[in-house]
Amino acid sequence: MPLLTALYLDDALTVLHKPSGLLAVPGRGPDKQDCLSVRVQQHISDAQVVHRLDMGTSGLMVMARGLEMQRRLQRQFAQGEVRKGYVAVVQGRPAVEPTQWQCIDAPLLVDWPNRPRSVIDHQYGKPSRTRWRLLDAPEMHPALAPGFFRPPAAQGTHAVLELEPETGRSHQIRVHLQSIGHAIAGDALYGDAANQQMAPRLMLHAWYLGLRHPATDQWMEWRCSADFR
C-alpha cells in the first residue's frame, strides 16, 4: 500500500492524500483495521477524523488536531461551508455541452438491507445535490495529471467529469452518476460487468478542498491532481 502523503500540517489540522484502496477509518473485523486515520494517529497522536472518503476514492482528506478543532471543522462540513471538488472517469458520454455546469438533485437514503449501498428515495431520502460538468479537454484541467489513465476505446465510450457535491451523503456522487446512466468506471457497487472491466479501481478522485482554518478563520485551499494509476 502506498505511503501517506501530507500536503499540509500545523497545530490545528493536517491535509492528506488518501490513496485508492485504503479505508478512511477502521471497518468491521480485524482485517479492516488498517486505514488512513490509524496510520496518521501513529505519528500525530491528537489527529481526529472530520470526514471520510470511500475506500476506492483517492484524494484530499483533512484531519483535525484535537477535539475542539474537530468540532469546528465538522461544523463547517455540516453547514455546507466546505468546498469540495472531484474528478471522475465515467461510463458513456453525457449528451451535454462541454464545460456547462449541470445539477443532479435527488434525495438519497441508505439501502439498509443492502448496505453499504445507497438509493434515491423521493419519499424518505435526505436532500442531495451534485453539480457536474463535462470536461471536453481534460488534459488541460489541473485536476488531472499529464497522461492520466483512461479506459481503452475497446472497453466502451467514456468521459471525464468535474464534480462539486453540495451535500455529503454516503456514496452521493456514485449514486447520482449511476442514476443518469453514467456510472463511474470501475465501480464494483453501482456499475455493471462492462463498467467494472473499464478500470482497475474506482475512477473517482477528490482533487480540491477549500475551508476556513479552524483556529485563524483564514480561507485555505489545497489541490491534488489525479493520475488514476
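Criteria and cut-off values
Residues numbered from 1 in each chain as written. Predicted model: local features only at pLDDT ≥ 70, side-chain atom pairs only at ≥ 80, totals over all residues. Heavy atoms only, no water. Core = buried A, V, L, I, M, F, W, Y, C linked by side-chain atoms within 4.5 Å. Buried < 20%, exposed > 50% of the residue type's maximum accessible area, 1.4 Å probe, protein only. Helix = DSSP H or I, 4+ residues; strand = E, 2+ residues; numbered from the N terminus. Pairing = 2+ DSSP bridges. Polar contact = N/O pair within 3.5 Å; in protein donor to acceptor, adjacent residues only side chain to side chain. Contact = heavy atoms within 4.5 Å.

## Quick look at the nonpolar core
Among the nonpolar cores identified, the biggest contains 42 residues, and Val 87, Leu 163, Leu 177, Ile 184 and Phe 228 are the most heavily contacted of them. Sorting the residues of this core by element identifies helix 1 (36-41), strand 4 (58-65), strand 5 (83-91), strand 9 (129-134), strand 10 (158-165), helix 3 (172-179) and strand 11 (204-212) as the ones contributing at least two each. Per-element accounting of this core gives the leading share, 5 residues, to strand 5. In terms of nonpolar packing, the next biggest core, distinct from the first, is built from 16 residues, Ala 12, Leu 13, Val 50 and Phe 77 among them.

## Description of the pairing of strand 5
With 7 of its 9 residues buried, strand 5 lies for the most part within the structure. Across 6 bridges, strand 5 lies against strand 11 in antiparallel orientation. Counterpart to Lys 84 in the pairing with strand 11 is Leu 209.

## Focus: the side chain of His 182
By the secondary structure assignment, His 182 is in the loop between helix 3 and helix 4 (193-197). Its relative accessible area of 12% is what places His 182 among the buried residues. In terms of polar contacts, His 182 uses its side chain to reach the backbone carbonyl oxygen of Gln 91, at 2.9 Å. For His 182, the contacting residues outside a window of four places in its chain are Val 90, Gln 91, Gly 92, Arg 93, Pro 94 and Leu 177.

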